[in-house]
Amino acid sequence: MITELRSHEYYMQHAITEAKKAFKRDEVPVGAVIVYENNIIARSHNQREMLLDPTAHAEMIAITQASAYLQNWRLNKTTVYITLEPCAMCAGALVQARIENLVYGAKDEKYGACESVVNLVNDLRFNHQLNVTSGILEDECSVLLKQFFLEKCRSD
């Protein structure tokens, strides 16, 4: 099987597509995809409102899907693409899942737990750290979030 190498932008576009699904469902527009051997094995978007579950973040759902796909809770050699810097809960889950690489779009200055507020994914006190790449399609990711919250403010 020949697999084609694809760019960070390619995979982030798929995460943005997931974020747009969340937007249409009146969820905070965050999307995530997990890639293994250059193939997307999981994709999701925020579903907190729909599931009435505070843990139903895009990353958490994608981790569950990827674990089922690989039949292993250890997601070694995977890369997660997320439109927004993960929060503490999701950053902790990425470390626990042993994901190798994290690529995200927009920084989260209020809740970001990978660079902005704290850096859980590279804390040497944990037994696993992630390679982090930030700012991929940042403007597109940020605009989607800003548009969502602007519409929320207008409707209130």
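Since this is a predicted model, take the numbers as computed values, not measurements.

> Lay out the overall build of the protein chain in plain terms, naming residues and giving numbers.
Scanning the protein chain from N- to C-terminus turns up five helices and five strands. Scanning the protein chain from its N terminus toward the C terminus, one meets helices and strands in the order α-β-β-α-α-β-α-β-β-α. Over its C-alpha atoms the protein chain spans a radius of gyration of 15 Å, differing by no more than 12% from the 15 Å that the globule rule assigns to 156 residues. A principal-axis box enclosing the C-alpha atoms of the protein chain has dimensions of 45 × 40 × 30 Å. Out of the 156 residues belonging to the protein chain, those deemed buried represent 46%. Expressed as a percentage of contacts within the protein chain between residues at least 6 apart in sequence, the contacts between residues at least 24 apart total 58%. Of the roughly 8,600 Å² that the protein chain leaves accessible, carbon and sulfur atoms contribute 52%. The positive charge centre, built from 16 side chains, and the negative charge centre, built from 20, are 3 Å apart in the protein chain.

> Tell me what's going on with the UniProt feature "domain: CMP/dCMP-type deaminase" (unreviewed entry) in the protein chain, and back it up with residues and numbers.
The sites that carry the UniProt feature "domain: CMP/dCMP-type deaminase" (unreviewed entry) are, in the present numbering, residues 6-125. In residues 6-125, the share of helix is 36% and the share of strand is 22%. The end C-alpha atoms are 33 Å apart.

> Provide a residue-level description of the pairing of strand 4 (residues 101-106), including the pertinent values.
Along strand 4, six of the six residues are buried, which leaves the element largely enclosed by surrounding structure. Bridge analysis of strand 3 (residues 78-84) against strand 4 gives five bridges, and the strand direction is parallel. Bridging from a neighbouring strand, Thr79 pairs with Asn101 of strand 4. In terms of handedness, the path from strand 3 via helix 4 (residues 88-96) over to strand 4 forms a crossover that is right-handed. The sheet contact formed by strand 4 and strand 5 (residues 131-134) spans four bridges and is parallel. Across the sheet, residue Tyr104 finds its bridge partner in strand 5, namely Ser134.

> Quick rundown of the packing of aromatic side chains? Include the residues and the values.
Tallied over the entire structure, the rule returns four aromatic pairs. Among the aromatic side chains, those forming a connected cluster through ring pairs are Tyr10, Tyr11 and Tyr81.

Conventions we followed
- Residues numbered from 1 in each chain as written.
- Predicted model: local features only at pLDDT ≥ 70, side-chain atom pairs only at ≥ 80, totals over all residues.
- Heavy atoms only, no water.
- Helix = DSSP H or I, 4+ residues; strand = E, 2+ residues; numbered from the N terminus.
- Rg over C-alpha atoms; globule rule 2.2 N^0.38 Å.
- Buried < 20%, exposed > 50% of the residue type's maximum accessible area, 1.4 Å probe, protein only.
- Contact = heavy atoms within 4.5 Å.
- Areas by Shrake-Rupley, 256 points an atom, 1.4 Å probe, with all protein chains shown as cover.
- Lys, Arg positive; Asp, Glu negative; His and termini not counted.
- Charge placed at Lys NZ, Arg CZ, Asp CG, Glu CD.
- UniProt positions renumbered as here; feature names shortened; annotations may be inferred.
- Pairing = 2+ DSSP bridges.
- Right-handed = clockwise from strand over helix to strand, strands pointing away.
- Phe/Tyr/Trp six-rings, centres within 6.5 Å; stacked < 30°, edge-to-face > 60°.

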